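# A look at the structure
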Amino acid sequence: MARMYYEKDCDINKLNGRKIAIIGYGSQGHAHALNLKESGCDVCVGLRAGSKNWANAEKAGLQVKTVAEAAKWGDIIMILVNDEVQAAVYAKDIAPNLEAGNALMFAHGFNIHFKQIVPPADVDVLMIAPKGPGHTVRSTYVNGKGVPCLLAVEQNATGKAVDIGLAYAAGIGGARGGVMETTFQDETETDLFGEQAVLCGGVVELMKLGFETLVEAGYAPENAYFECIHEMKLIIDLINKGGVAMMNYSISDTAEYGEYVSGPRVLPYEETKKNMKAVLTDIQNGTFAGKWIAENKNGRCFFNASRAILAKHPMETVGAELRRNMLWGDDTDPDTASN
């Protein structure tokens, strides 16, 4: 098994006297900054001048600086802006302010693995990657739990990179769930594959096609939404807590029998596995990374068009109306999504 660390293995005191600059205040950024602050760490948030999140971070009690100021101030710099802008932000505002012995940290290995960012040899380069969205990182921490994390060290200039990573994981609550050792390459490739083939690409397409099939057969869109989308969270919560066995224990035998006879019809084993292997190959050989980098350089036409089409899909519009009429319909805070 891969090596796992827990709270007893992580000394958060290794962060004493260290200044942690969190670059970005989005989903992951706000969670890391707030969790570290509440764990007693010295934290600031680095944002571009004029950022809409500047006031939000200050309102949350965090000190805020420009990215360049934060990078100069901190000796641990965690880059949590979007993958597609990291290289430009690094080159402009972070690289000129790095000093020997600093720790440069990431929550995803994309830019290091695909060499969009090449740090100097005299800084630590490491990753703490929570295995969940930032809003879940925050909500579970507040509730006394934590999202498991991956730890990877690409460059150990000081000899203390592992200790820093484990202390950081403890500070954001990740050590409560467990911290697993990996590499930048493995994290990057498995993360991209999981997102594309299963968690985002696969699940969204499965829900969408199921919704469309029921509606086209004459069933009410609201009924289709409940059956193919709303119940997804309820099922996943059971799997997350006790594996597929707990889900099967909790559903009817009729549903479990349908799982065995109809799942393989919807996702034929050989064909689906072949397609998944093709997706993984594109990730491993850099084809996907090249397309994503080019997409951002060329105005994001495909990305923006796809997002607009999805927003108008009945699955989304019907779902929005149903959610507004539920007891929690006025709760649009992602931080409570896992509660």
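Heads up: these notes are all about the structure in this document. (Residues numbered from 1 in each chain as written. Predicted model: local features only at pLDDT ≥ 70, side-chain atom pairs only at ≥ 80, totals over all residues. Heavy atoms only, no water.)

## Brief notes about the overall build of the chain
Within the chain one finds 16 helices and nine strands. Over its C-alpha trace the chain gives a radius of gyration of 22 Å, about what one expects of a compact globule, namely 20 Å for 339 residues. Here the chain holds 339 residues, and 39% of them are scored as buried. A fraction of 66% describes how many contacts in the chain between residues 6 or more apart in sequence connect residues 24 or more apart. Averaging the coordinates of the 32 positive side-chain charges in the chain and doing the same for the 42 negative ones gives two points 4 Å apart. (Helix = DSSP H or I, 4+ residues; strand = E, 2+ residues; numbered from the N terminus. Rg over C-alpha atoms; globule rule 2.2 N^0.38 Å. Buried < 20%, exposed > 50% of the residue type's maximum accessible area, 1.4 Å probe, protein only. Contact = heavy atoms within 4.5 Å. Lys, Arg positive; Asp, Glu negative; His and termini not counted. Charge placed at Lys NZ, Arg CZ, Asp CG, Glu CD.)

## What to know about the sheet that holds strand E9 (residues 179-181)
Judged by pairing direction, the sheet is mixed, and its nine strands sit side by side in the order E1-E9-E8-E7-E6-E5-E2-E3-E4 without closing on themselves. A strand with exactly one partner marks an edge of an open sheet, and here the two such strands are strand E1 (4-5) and strand E4 (63-66). Of the strand pairs in this sheet, strand E2 (residues 19-23) and strand E3 (residues 42-47) are connected by five bridges, and their pairing is parallel. The residue bridging Lys-19 from the neighbouring strand is Asp-42, located in E3. Its contacts with the sheet place helix H1 (residues 27-38) against E2, E3, strand E5 (76-79) and strand E7 (124-130), and it is angled at close to 160 degrees to E2. Together, E2, E5 and strand E6 (103-106) form the strand contacts of helix H4 (residues 83-94), whose direction differs from that of E5 by roughly 150 degrees. (Pairing = 2+ DSSP bridges. Axes fitted to C-alpha atoms, helices over the stretch in contact; angles between N-to-C directions.)

## Describing the packing of aromatic side chains
Counted under the stated rule, the structure contains four aromatic pairs. Ring geometry for Tyr-225 and Phe-226: centres 6.3 Å apart, planes at 70 degrees, overall edge-to-face. Overall, the relative accessible area of 6% leaves Tyr-225 in the buried class. The ring of Phe-303 has Arg-300 lying over it, and the distance from NZ or CZ to the ring centre is 4.5 Å. (Phe/Tyr/Trp six-rings, centres within 6.5 Å; stacked < 30°, edge-to-face > 60°. Lys NZ or Arg CZ within 6 Å of the ring centre and 35° of its normal.)

## Some details on the environment of Ala-129
Residue placement: Ala-129 occurs in strand E7. Once the C-alpha coordinates of Ala-129 and Val-179 are considered, the two residues, 50 residues apart in sequence, prove to be 9.2 Å apart. Not counting chain neighbours up to four residues away, the residues in contact with Ala-129 comprise Ala-107, Pro-148, Cys-149, Leu-150 and Glu-187.

## Here's the deal with the packing of helix H10 (residues 201-216) against helix H16 (residues 314-324)
For the pair H10 and H16, the least separation of the axes is 10 Å and the interaxial angle reads 85 degrees. By the criterion of interaxial angle, the relationship of H10 to H16 is roughly perpendicular. Here H10 contributes Met-207, Lys-208 and Phe-211 to the contact with H16, which in turn contributes Pro-314, Met-315 and Val-318. Within the contact of H10 with H16, the residues separate by chemical class into five nonpolar, no polar and one charged. (Parallel < 35°, antiparallel > 145°, perpendicular 65-115°, else oblique. Nonpolar A, V, L, I, M, F, W, Y, C, P; charged D, E, K, R; others polar.)

## What about a nonpolar patch on the surface?
Residues Leu-206, Val-266 and Leu-267 make up a contiguous nonpolar surface patch of about 280 Å² in total accessible area. For Leu-206, the position within the fold is in helix H10. (Patch = residues over 30% accessible without salt bridge, like charges linked within 9 Å, V, L, I, M, F, W, Y side chains within 5 Å. Areas by Shrake-Rupley, 256 points an atom, 1.4 Å probe, with all protein chains shown as cover. Salt bridge = Lys/Arg side-chain N within 4 Å of Asp/Glu carboxyl O.)

## Structural notes on the packing of helix H9 (residues 184-199) against H10
Between H9 and H10, the shortest axis-to-axis distance is 3 Å and the interhelical angle comes to 10 degrees. Accordingly, the angle class assigned to the pair H9 and H10 is roughly parallel. Of the residues in H10, those touching H9 at Glu-195, Gln-196, Ala-197, Val-198 and Leu-199 are Gly-201, Gly-202 and Val-203. When grouped by side-chain class, the residues that make up the contact of H9 with H10 number four nonpolar, three polar and one charged.

## Quick notes on unusual backbone geometry
Positive phi outside glycine occurs at Lys-115, with the angle close to 60 degrees. On the accessibility criterion, Lys-115 (63% relative accessible area) is exposed.

Nothing here speaks to function; it is all geometry.
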